Amino acid sequence: MPAYNDNIEDDEPDFVNTVYNYDWSSTSLGPMELWDASLKNAVNLCLHSAFPTLISIAPNWIVLYNKAWRPILKQKHPYALGKSAKQIWSDIHEIIFSLYESVRTTGKGLIKNDLFFELQRDGYIEETYFSYTYSPIFKSDGSVCAVFVLGQETTHKVLNTRRLKTLDQLSRRISEAESLENACHIITKVLSDNNADIPYAITFFVEHIPNTVESLIARLIATTFDYDNEKGWLFPNFLPETPEIIDLAKDAYPELNRETETYLFLEYDSWPLHLLLKEGGDIKVVLKDGSQAVLLLTKISLGEGHFLSAIIICGINRRRKLDEKYMEFLKLIVNHMNSYLLYARSIEEERMRCKTLTDLNHQKIMFFQGISHELKTPLTLMLSPLDDIINACPQETPIMPHLQIIRRSNALKHTWNGNIIIRLYPDYKDKKKMIVLEVSDTGVGIPEAALPNIFQRFYRIKSQHSRSHEDDFINMRKYQIVLVDDNNDIRDYLANLLKEFDVHCACDGQDAIRLLKKLNRLPDLILSDIMMPNMNGYELLNALRSNAKTRMIPVILLSAKAAEDSMIEGLDRGADDYLIKPVSSRQLITRIRANIELSLLRRKISFQQSKEEEAKQLIFSISNKILFGLDLKESLFDIIQEINTILPSERIFIITNDQSEFINNKIVTLYEGSESGTPMTNLSKEIIDKSKSQISTTLQEFLNNNSGISICFDKYCYDICKNVSELSVEIRLNNSCWGWIKLHRSPHSIWLNSEIELLQQISNQISLFITYSNVLKENAENEIKMKAVEFANKTKSQILANTSHELRTPLGAIIGILSSFEKTILTADQRDMIDVTINASDIVLSIVNDILDIAKLKARKVTLINRTFDLLELFDDTIEEFGKRAGIKKIEFIVNCEIDMLPRYVKGDPDRLRQALSLLLSNA
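Source: prediction; values computed, not measured.

## Some words on the overall build of the protein
Okay, step 1: In terms of helices and strands, the protein carries 22 helices and 28 strands.
Okay, step 2: Split into buried and exposed, the 924 residues of the protein put 37% on the buried side.
Okay, step 3: Residue pairs in contact within the protein that sit at least 24 positions apart in sequence constitute 58% of those at least 6 positions apart.
Okay, step 4: Summed over all atoms, the accessible surface of the protein reaches about 55000 Å², with 54% contributed by carbon and sulfur.

Laid out in structure tokens, this is it:
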């Protein structure tokens, strides 16, 4: 916005004199001395005001203005002084003239805010916005002789608001980016909503390795232009050729002198993408039709020395100059683009990591399945002959103690503390003498349900602790450690000492980095010396912590520096532990185990948090289905599918509590998956395995405190003809059981408390969903019933109306014929018969009219008349009419009415009141 009061006082007298000394006699206004006094006062006020002020004088609307108005005119000053509005603003003269005339004719002022004008005041047609007031200047005779204008240009304010809105939209939508290309599509969609500042945008990707001679290929990723399936992208003719693939090696451009080039626009036959990659920053070009565009560059790392350059081409508003504010806006867009690409890259990397982990987990499962299969066959071949040898060998054979040790090893394996007792004694059973071999121990024990299988070969009891831990895949694998030390003897000694781990050795930090890149998986811990050549321990630690992939690996520094400051420095730099040489082997192994366990614990916490977040998202998804009133059956199927992603199961289904004669617990929806087919990471499996030991002590307490939950660890399912472990949770509606949601896993599978609680929450949400669906269904049925009743009433009214119409026609003929006998000479008997017939016809016609009125009333076609009438007269006429009828029928007709208590004149519809009284009396 121009600074209107800059140096006004310095040259104000000169400009004021310029206005006063202007040859006004050459205009239609004549000399200023002859102007009206009020107009001269207004001119004096205008010229000495610090705010932009202009006076336009009728009838030709000649213009004069003060110094503060000059920045608004730009190049039109000083030409505009003393000229008419039409001469100054020929392009918008009609708009201004209508506003002036409105003030002149009405004598009332106007105020406008941020009004848009296209003005040619600086060599081109410019997009501008103004806020101003128009006030009338009255002559002494009371007529309006001029318009006093206070104006302020608000162009920059409007542009800033518009651009900030675009930047705000870019900030809000970054979380929607799912890939690099998708990020560019979101950006172009946001920019297309602001085609005033950015008429069009085109984005290219170029993948390359810096300082190499490899060929560069630019790929068109996104644009704001439309796409046609037959013609492709619909680029306008004034743009350079824009193919989807551009070989940048074929393009040659002149060098740019960045010191002299500020807002210099260059002419090219094609987009100078290669030049922009080489020079960086931005390049401004002028196109065939004279319009302008800016090419801007941003880069992100793709890892391993590869970079992605994103080039965005932005069209420039033809109605605005490319000033510093405009360029700042474009650079902010590029900054947002860089943030989008970095975020999208992290999403892609995370997606790739998840896929890799899934594949590795699948390969691990297949590997252990193969191992198990290959081991059982030779074990069978070994153990069966062993039993034969034991049974065939005499007890005194020297090898017998060794064979018995092999047989007794099961008790040793499952006993952690206490004792093992072996007894051999004679006994009698069924009058037969026998020898009993009894083995007892203080181990984990065998559940009663598993006792029948005790002599079954290879039978294993799940969730039992033993010394070998064959069932725990996590503990089965060796922890992997990278040992870094430049001393060969120390390295060999520690490697031999840590033989319970999978140790990989490196001679210094650089060697360790190379080793990490070669390993198939990241190590569980790194044990490193500090004082080493090439790259010491601290430098290695910094490299690990600065890399997202290795940041979470626990690091133990092993050093001869025993000072407290050295230990503090090591821990401050990010080491998980610090050991001082010489260190005892027991302490070293204990520290290594403890740090690995802590690392696993941190990962477990992160894993559990992610599971909680997934559960929240599922509950939120069910709530959305409730709000949108989606189909019940389809939504329930979607819900159990989503449940399977959080609680992997072989089978998930919902059944109703339907106990009809032919149906027992009808299945509403069913999802059959594969529990083993749902990938489970080492970490998640270890979390579940560790939780098994706590189930027996907490599960029963949990079930006692929560009704509506049942768990069967080994239940035969007739639908699929096999045993399963079943978790069942009630779905309650109106304090009664509507049904159950059931999950099946392989037999003896455990159910964690967190899983049960989540299923309870889902059950509550399903209850709300079913209740809401029932309400919607009931409302729809009631609406159908209402429409049916309405249709029946309409039909009935139509029938009544048609019947009444058909009756009125013959009745009219009868009444017409009877009226013709009024002047005919008849006998007394004939006259009585005519009177009776007329009376009966009147009664029938009255009934027909009543039926018609009822039909009209139900069809809401009765129009009530509100007028003043004599109520007592209406009562007298009605009583007189029905008194005669009562006399004919020999009925006593008693009128009990205090006439004095009733008003004589009332407002209403007398015909409807008479009709109501007649119907009441006729029914009586």
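## Remarks on the environment of glycine 673
Okay, step 1: Within the secondary structure, glycine 673 sits in the loop between strand E23 (667-672) and helix H18 (682-705).
Okay, step 2: Residue classification places glycine 673 among the partly exposed positions, given a relative accessible area of 30%.
Okay, step 3: Each C-alpha atom, one on glycine 673 and one on proline 648, is 8.2 Å from the other, the two residues being 25 residues apart in sequence.
Okay, step 4: Ignoring sequence-local partners within four residues, the contact set of glycine 673 consists of Ser649 and Glu650.

## Let's talk about the environment of phenylalanine 882
Okay, step 1: Secondary-structure assignment places phenylalanine 882 in helix H21 (residues 871-888).
Okay, step 2: Sequence spacing of phenylalanine 882 and serine 922 is 40 residues, and the spatial spacing of their C-alpha atoms is 8.2 Å.

## Quick notes on the packing of H21 against helix H22 (residues 910-923)
Okay, step 1: Running from amino to carboxyl end, H21 crosses H22 at an angle of 30°, the nearest separation of the two axes being 11 Å. The pairing of H21 with H22 is recorded here as roughly parallel in orientation. Crossing geometry of H21 relative to H22 is assigned as right-handed. Here Leu871, Leu874, Phe875, Thr878, Phe882 and Arg885 of H21 lie close against H22, whose contacting residues are Pro910, Leu913, Arg914, Leu917, Ser918, Leu921 and Ser922.
Okay, step 2: When the residues that make up the contact of H21 with H22 are grouped by side-chain class, the tally is eight nonpolar, three polar and two charged.

## Section: empty space enclosed by the protein
Okay, step 1: As enumerated under the stated definition, the model contains two cavities of 30 Å³ or more in all.
Okay, step 2: Of the volumes computed, that of the largest cavity is approximately 210 Å³.
Okay, step 3: For the largest cavity, the lining is made up of 14 residues, of which Trp69, Trp89, Ile96, Phe117 and Tyr134 are closest to its centre.
Okay, step 4: Within the residue set of the lining of the largest cavity, elements represented by two or more residues are helix H5 (93-106), strand E3 (110-120), strand E4 (125-138) and strand E5 (144-153).
Okay, step 5: Sorting elements by how many residues they give to the lining of the largest cavity places E4 first, with three residues.
Okay, step 6: Considered class by class, the residues forming the lining of the largest cavity number 13 nonpolar, one polar and no charged.

## Remarks on the UniProt feature "modified residue: 4-aspartylphosphate" (unreviewed entry) in the protein
Okay, step 1: Per the UniProt record, "modified residue: 4-aspartylphosphate" (unreviewed entry) is annotated on Asp529.
Okay, step 2: Inspection of the secondary structure assignment puts aspartate 529 in strand E19 (residues 525-529).
Okay, step 3: Non-local contacts of aspartate 529, meaning those with residues more than four positions away in its chain, are made with Val484, Asp485, Asp486, Gly537, Leu558, Ser559 and Lys581.

## What to know about unusual backbone geometry
Among all residues save glycine, negative phi is the norm, and among peptide bonds the norm is trans.
Okay, step 1: The omega angle of the peptide bond from alanine 58 to proline 59 is 5°, so this bond is cis rather than trans.
Okay, step 2: For proline 59, the location among the structural elements is in the loop between strand E1 (53-57) and strand E2 (62-65).
Okay, step 3: With an omega of 5°, the peptide bond running from histidine 77 to proline 78 counts as cis.
Okay, step 4: With respect to the secondary-structure elements, proline 78 resides in the loop between helix H3 (70-73) and helix H4 (85-88).
Okay, step 5: The phi angle at lysine 74 is positive, at roughly 55°, despite the residue not being glycine.
Okay, step 6: Residue class for lysine 74 comes out partly exposed when judged on its relative accessible area of 32%.
Okay, step 7: We note that aspartate 114 has phi near 50°; this positive angle belongs to a residue other than glycine.

## Regarding the pairing of strand E6 (residues 201-208)
Okay, step 1: Burial analysis of E6 places seven of its eight residues in the buried class, which makes it a mostly covered element.
Okay, step 2: Sheet topology places E6 next to strand E14 (residues 306-315); eight bridges connect them, and they run antiparallel. Residue pairing across strands places histidine 208 opposite phenylalanine 307, the latter belonging to E14.
Okay, step 3: Two strands pair when backbone bridges link them, and E6 and strand E7 (residues 217-223) are joined in this way by five bridges, in the antiparallel orientation. Within E7, the position partnered with phenylalanine 205 by the bridge is arginine 219.

## Digging into the nonpolar core
Okay, step 1: Of all hydrophobic cores here, the largest spans 45 residues; its most connected members are Ile55 and Trp89.
Okay, step 2: Residues within four places of tryptophan 89 in sequence aside, it is in contact with Leu54, Trp69, Leu73, Lys76, Ile96 and Leu119.

## As for the packing of aromatic side chains
Okay, step 1: Considering all chains together, one arrives at 14 aromatic pairs under this definition.
Okay, step 2: When the centroid spacing of 5.0 Å and the interplanar angle of 85° are considered together, the rings of tyrosine 716 and tyrosine 718 count as edge-to-face.
Okay, step 3: Note on tyrosine 716: relative accessible area 39%, which makes it partly exposed.
Okay, step 4: The exposure class assigned to tyrosine 718 is exposed, which follows from its relative accessible area of 68%.
Okay, step 5: Taking the ring centre of phenylalanine 15 as reference, the NZ or CZ of arginine 70 above it sits at 5.2 Å.
Okay, step 6: In this arrangement the basic side chain of arginine 651 is found over the ring face of phenylalanine 653, its NZ or CZ atom lying 4.8 Å from the centre.

## Section: the confidence of the model for the protein
Predicted coordinates in areas of low pLDDT are best not read in detail.
Okay, step 1: In this model, the protein carries an average pLDDT of 79, and 82% of its residues clear a pLDDT of 70 or more.
Okay, step 2: In this model, residues 1-11 is a region of pLDDT below 50 whose contacts with residues beyond four sequence positions or in other chains number 18 contacts.
Okay, step 3: Contacts for the low-pLDDT stretch residues 465-476, under 50 throughout, to residues beyond four places or in other chains number 29 contacts.

## Remarks on the layout of surface pockets
Okay, step 1: The volume enclosed by the second largest pocket comes to roughly 760 Å³.
Okay, step 2: Along its surface, the second largest pocket is lined by 27 residues, and Phe882, Arg885, Ser918, Leu921 and Ser922 are the ones closest to its centre.
Okay, step 3: Those elements giving two or more residues to the lining of the second largest pocket turn out to be helix H20 (828-858), H21 and H22.
Okay, step 4: With eight residues, the single largest contributor to the lining of the second largest pocket is H20.

## Looking at a nonpolar patch on the surface
Okay, step 1: The grouping of Ile422, Leu424, Ile435, Leu437 and Val439 at the surface amounts to a nonpolar patch, some 530 Å² of accessible area in total.
Okay, step 2: When residues of the nonpolar patch are traced back to their parent elements, those giving at least two are strand E15 (420-429) and strand E16 (432-441).
Okay, step 3: The greatest single-element share of the nonpolar patch, amounting to three residues, is contributed by E16.
Okay, step 4: Secondary-structure assignment places valine 439 in strand E16.

## Regarding a negative patch on the surface
Okay, step 1: Taken together, Glu873, Asp876, Asp877 and Glu880 make up a surface patch of like negative charges.
Okay, step 2: Within the element layout of this structure, aspartate 877 appears in helix H21.
Okay, step 3: Its relative accessible area of 37% is what places aspartate 877 among the partly exposed residues.

## Considering the side chain of serine 559
Okay, step 1: Structurally, serine 559 can be placed in strand E20 (residues 555-559).
Okay, step 2: Look at serine 559 and you get buried, because its relative accessible area is 2%.
Okay, step 3: Sequence-distant contacts of serine 559, defined by excluding residues within four places in its chain, comprise Asp529, Ile530, Tyr578, Leu579, Ile580 and Lys581.

Cut-offs and rules
Residues numbered from 1 in each chain as written. Predicted model: local features only at pLDDT ≥ 70, side-chain atom pairs only at ≥ 80, totals over all residues. Heavy atoms only, no water. Helix = DSSP H or I, 4+ residues; strand = E, 2+ residues; numbered from the N terminus. Buried < 20%, exposed > 50% of the residue type's maximum accessible area, 1.4 Å probe, protein only. Contact = heavy atoms within 4.5 Å. Areas by Shrake-Rupley, 256 points an atom, 1.4 Å probe, with all protein chains shown as cover. Axes fitted to C-alpha atoms, helices over the stretch in contact; angles between N-to-C directions. Parallel < 35°, antiparallel > 145°, perpendicular 65-115°, else oblique. Left-handed = near helix turned anticlockwise from the far one by under 90°. Nonpolar A, V, L, I, M, F, W, Y, C, P; charged D, E, K, R; others polar. 1 Å grid on protein atoms, 1.4 Å probe; cavity = no way out; pocket = protein on both sides within 12 Å on 5 of 7 lines; lining within 4 Å. Points joined across faces, edges and corners; volume = space filled by probe spheres on them. UniProt positions renumbered as here; feature names shortened; annotations may be inferred. Pairing = 2+ DSSP bridges. Core = buried A, V, L, I, M, F, W, Y, C linked by side-chain atoms within 4.5 Å. Phe/Tyr/Trp six-rings, centres within 6.5 Å; stacked < 30°, edge-to-face > 60°. Lys NZ or Arg CZ within 6 Å of the ring centre and 35° of its normal. pLDDT = per-residue confidence, 0-100. Patch = residues over 30% accessible without salt bridge, like charges linked within 9 Å, V, L, I, M, F, W, Y side chains within 5 Å. Salt bridge = Lys/Arg side-chain N within 4 Å of Asp/Glu carboxyl O. Lys, Arg positive; Asp, Glu negative; His and termini not counted. Charge placed at Lys NZ, Arg CZ, Asp CG, Glu CD.

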